[in-house]
Amino acid sequence: MSAIPAPGRLRPEDYASDQEVRWCPGCGDYAVLKAVEKALSELRADPDRTVFVSGIGCAARFPHYLATYGFHGIHGRAPALATGIKLARPELDVWVVGGDGDMLAIGTNHLVHALRRDVDLVILILNNEIYGLTKGQASPTTPVGTRTSSTPLGVVERPLSACSLALSAGARFVARMIDIQQKLLPEILVRAHDHPGAAMVEILQNCVIYADGAWSHLTDKAHAAEARLLLRHGEPLLFADGRRGLRAARERVGLEVVEVGSEGWRAAGVLVHDERDRTLATLLAALEPPMPVALGVLYADPASTSFERALRAQGEAARAREPGLDLATVMRRAPTWTVTG
């Protein structure tokens, strides 16, 4: 999206609505809401030309808490609703917010096609690895072995990776961040907004009631340096305070950890992050403990035009060839049938 100029810069708190925020105390949604408000302020977003669309779930309350336009839709359909808004009003900034249950279960089909079509949307998936609103059932991202109200003996299927799914669907901007990273998360949201086309950001978020500590291996200070790989375009894939890095695996297709010795990361064969390399992004998206988890922008390579721009250009070209062309005329050109009797 391109930033829409507003009359003066609003403070982050100016984007808060007058509605009481009703999430459980300590919920990661508060941190995400704060980061979104910071990003909107940085973008100088015009509230009158900004729309937040959601489905069903804890995260879906976002449109109520922002002083912008909003649409609280039905379960899983937020990307489809947002696509309709963007097609009808392409000048609007349209954001989609949903949880892992909403977006990666019943809503997977709509998510995949919004990404495949490259509709100019910012899509935020708040992943707490559980169904929070409906009282703690296993979601598509719940880890194997987790006991929940719907899996009392433990989850048996492998979890779904939002970033891997997005890349396989052809998404051209894919990022991952943690809810508590209040300096980095707004920066990622601004980048996602400025990307021309569909931009998906997975936000690893804590549910204090049903999945407390799900991301503790990434958030605990004692483990963070070893567990996180912060991606920066054009910089080496280093973690553990620069003592370790990732290189191309020698005996298989993939990545492997290498110790960085006194000769430096180049001598160790550590790879440099290239946001435009889809193959590298796919490998990074699939990393999981004991490998470090990749955070930041995994992939960013915009297309020449987005879905709604291409569609509108097609319509304008047709009208230029045939002035006065309307939808009814186009529809009646196709084979038609007359029903009698």
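Predicted, not measured: the structure shown is a model, and the values here were computed from it. Residue numbers run consecutively from 1 along every chain, following the written order of its sequence. In view of the model being predicted, local features appear only for residues whose pLDDT reaches at least 70, and side-chain atom pairs are presented and counted only at 80 or more, with totals across whole chains, interfaces and linings using the full set of residues. Only hydrogens and water are set aside; all other atoms, that is, all heavy atoms of the structure, feed into the side-chain values.

A. Expanded view of the pairing of strand E3 (residues 93-99). Judged by how many residues are buried, E3 sits mostly within the fold: 7 of 7 residues are covered. On E3, burial covers both faces: Asp93, Trp95, Val97 and Gly99 on one face and Val94, Val96 and Gly98 on the other are all buried. Strands pair, by our definition, only if DSSP identifies at least two bridges between them. Where helices and strands are cited, they refer to DSSP runs of H or I of at least four residues and of E of at least two residues respectively, numbered from the N terminus. Where strand E1 (residues 50-54) meets E3, 5 bridges bridge the pair, whose relative direction is parallel. Directly across from Val51, in E3, lies its bridge partner Val94. Bridging between E3 and strand E4 (residues 122-127) involves 5 bridges; their strand directions are parallel. By the bridge assignment, Val97 is partnered in E4 with Leu124. Think of it in three bands: residues with accessible area under 20% of the maximum for their type are buried, residues over 50% are exposed, and the middle band is partly exposed, with areas taken using a 1.4 Å probe on protein chains only.

B. Representation of the nonpolar core. We call a set of buried residues a nonpolar core when its members are Ala, Val, Leu, Ile, Met, Phe, Trp, Tyr or Cys and they connect through side-chain atoms within 4.5 Å of each other. Leu115, Ile123, Met200 and Leu284 are the most contacted members of the largest nonpolar core, which totals 45 residues. For this core, the element with the highest residue contribution is helix H6 (residues 162-168), accounting for 5 residues. The contact rule is simple, with two residues in contact once any of their heavy atoms fall within 4.5 Å. Apart from the residues within four sequence positions on either side, Met200 is in contact with Leu115, Ile123, Ile125, Ala162, Cys163, Ala166, Phe173, Val174 and Ala175. Core analysis: the next-biggest nonpolar cluster, separate from the first, contains 34 residues, Trp23, Leu40, Leu185 and Ala300 among them.

C. Up close: the sheet that holds strand E6 (residues 199-204). The sheet built from 8 strands is open, its strands ordered E2-E1-E3-E4-E6-E5-E11-E7 with mixed pairing. Pairing within the sheet leaves two strands with one partner each, and these edge strands are strand E2 (69-72) and strand E7 (228-230). Strand-to-strand twist of the sheet, defined as the mean angle between neighbouring strand axes without regard to direction, takes the value 20°. Only the stretch in contact is used when fitting a helix axis, every axis being a line fitted to C-alpha atoms; angles between N-to-C directions are given from 0 to 180 degrees.

D. Here's a closer look at the environment of Val208. If you trace the backbone, Val208 turns up in the loop between E6 and helix H8 (216-219). On a C-alpha basis, the gap between Val208 and Gly132 in space is 9.4 Å, while along the polypeptide they are 76 residues apart. Here Val208 is in contact with Cys24, Pro25, Gly26 and Cys27, once residues within four sequence places are set aside.

E. The pattern of salt bridges, seen in detail. The term salt bridge refers to a side-chain nitrogen of Lys or Arg lying within 4 Å of a carboxyl oxygen of Asp or Glu. Summed over the entire model, instances satisfying the criterion amount to 18 salt bridges. Arg11 is the salt-bridge partner of Glu13, the closest N and O atoms lying 3.5 Å from each other. Of the residues examined, Arg11 reaches a relative accessible area of 49% and is grouped as partly exposed. Where Arg22 meets Glu20, a salt bridge forms, and the shortest distance between an N and an O atom there is 3.6 Å. Accessibility expressed as a relative area gives 56% for Glu20, which makes it exposed. Taken together, the shared-partner salt bridges connect Glu226, Arg243, Arg244 and Glu259 into one network.

These figures capture arrangement, not role.
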